[in-house]
Amino acid sequence: MLPIEQTWLILVELLTDLKKNGKDVPNSINKEISLLKTSINFYKKDMSHPDMIKEFDKANIKITEIQNTLLRYAEEMGDEYFNEWVDKLRRANLGEEIYKQPETASKFIGGAPPGFSSAKIHLKKPLAEDRTQEIAEYFNLIIEFEDDTTIAIYGDSENIKKALKEFAPFFNE
């Protein structure tokens, strides 16, 4: 696992913990984290290709922006809380594995963040990304587009169930 993937897992966990502790973190962070995961996966397909290296550079810039935003919220929770998360991020940057990548979290989706449930949707035809993002933001979920008709969803189990009901009309289209 790349250090950037470990950092991504930590940021997902931090986002979840902040929301559980009542912090009003903008839902746009969910979308940014989803897109970041997609960029990381894109880079991993061929880490030597120039286009992939550009994606990795973009991912590093984006992960730093998200990290800075979330750490500002963590700082509001107190020094001990803030230092705990900074330490996890520091150790991840040094290559330490903080969270294990779940290998049996799902038979169909690999790499779900720790403590998250996941689902995969296969549509008959592509769905507008804006509509998908609206549903994800409304239910506080992270989505990842695997291709035009396949979407992976990560988040709280109950929120995934509610979101799937919103997606249901699109299964038959």
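Going by the structure above, here's the rest.
Residues numbered from 1 in each chain as written. Predicted model: local features only at pLDDT ≥ 70, side-chain atom pairs only at ≥ 80, totals over all residues. Heavy atoms only, no water.

(A) Expanded view of the overall build of the protein chain. In terms of helices and strands, the protein chain carries six helices and three strands. Across the protein chain, helices and strands are ordered from the amino to the carboxyl terminus as α-α-α-α-β-α-β-β-α. Looking at the 173 residues of the protein chain, the share that counts as buried comes to 42%. Residue pairs at least 24 apart in sequence account for 65% of intrachain contacts in the protein chain once pairs closer than 6 positions are excluded. Only carbon and sulfur atoms are counted for the fraction: they give 49% of the accessible area of the protein chain, which is about 9,600 Å². (Helix = DSSP H or I, 4+ residues; strand = E, 2+ residues; numbered from the N terminus. Buried < 20%, exposed > 50% of the residue type's maximum accessible area, 1.4 Å probe, protein only. Contact = heavy atoms within 4.5 Å. Areas by Shrake-Rupley, 256 points an atom, 1.4 Å probe, with all protein chains shown as cover.)

(B) Examining helix α4 (residues 79–93) more closely. Under the 1.5 Å per step criterion, the end-to-end length of α4 is 21 Å for 15 residues, consistent within 8% with the ideal 21 Å. Those residues of α4 not exposed but buried are Tyr-81, Phe-82, Trp-85, Lys-88, Leu-89 and Ala-92. All buried residues of α4 fall inside an arc of 130° around its axis, so they share one side. Set apart from the buried face of α4 by more than 90 degrees, the exposed residues are Asp-79 and Glu-80. (Expected span 1.5 Å × (residues − 1). Arc of directions from axis to C-beta.)

(C) Here's a closer look at the nonpolar core. Core analysis: the largest hydrophobic core is formed by 32 residues, its most contacted members being Trp-8, Leu-14, Ile-33 and Leu-70. Considering every element that reaches this core, the biggest residue donor is helix α1 (residues 3–20), with nine residues. Beyond its immediate sequence surroundings of up to four residues, Leu-70 is in contact with Leu-11, Leu-14, Leu-15, Leu-18, Val-25 and Ile-29. Phe-139, Ile-151, Ile-153 and Ile-160 belong to the second-largest nonpolar core, a separate cluster that totals 15 residues. (Core = buried A, V, L, I, M, F, W, Y, C linked by side-chain atoms within 4.5 Å.)

Fair warning: the whole summary comes from geometry, so function is off the table for now.
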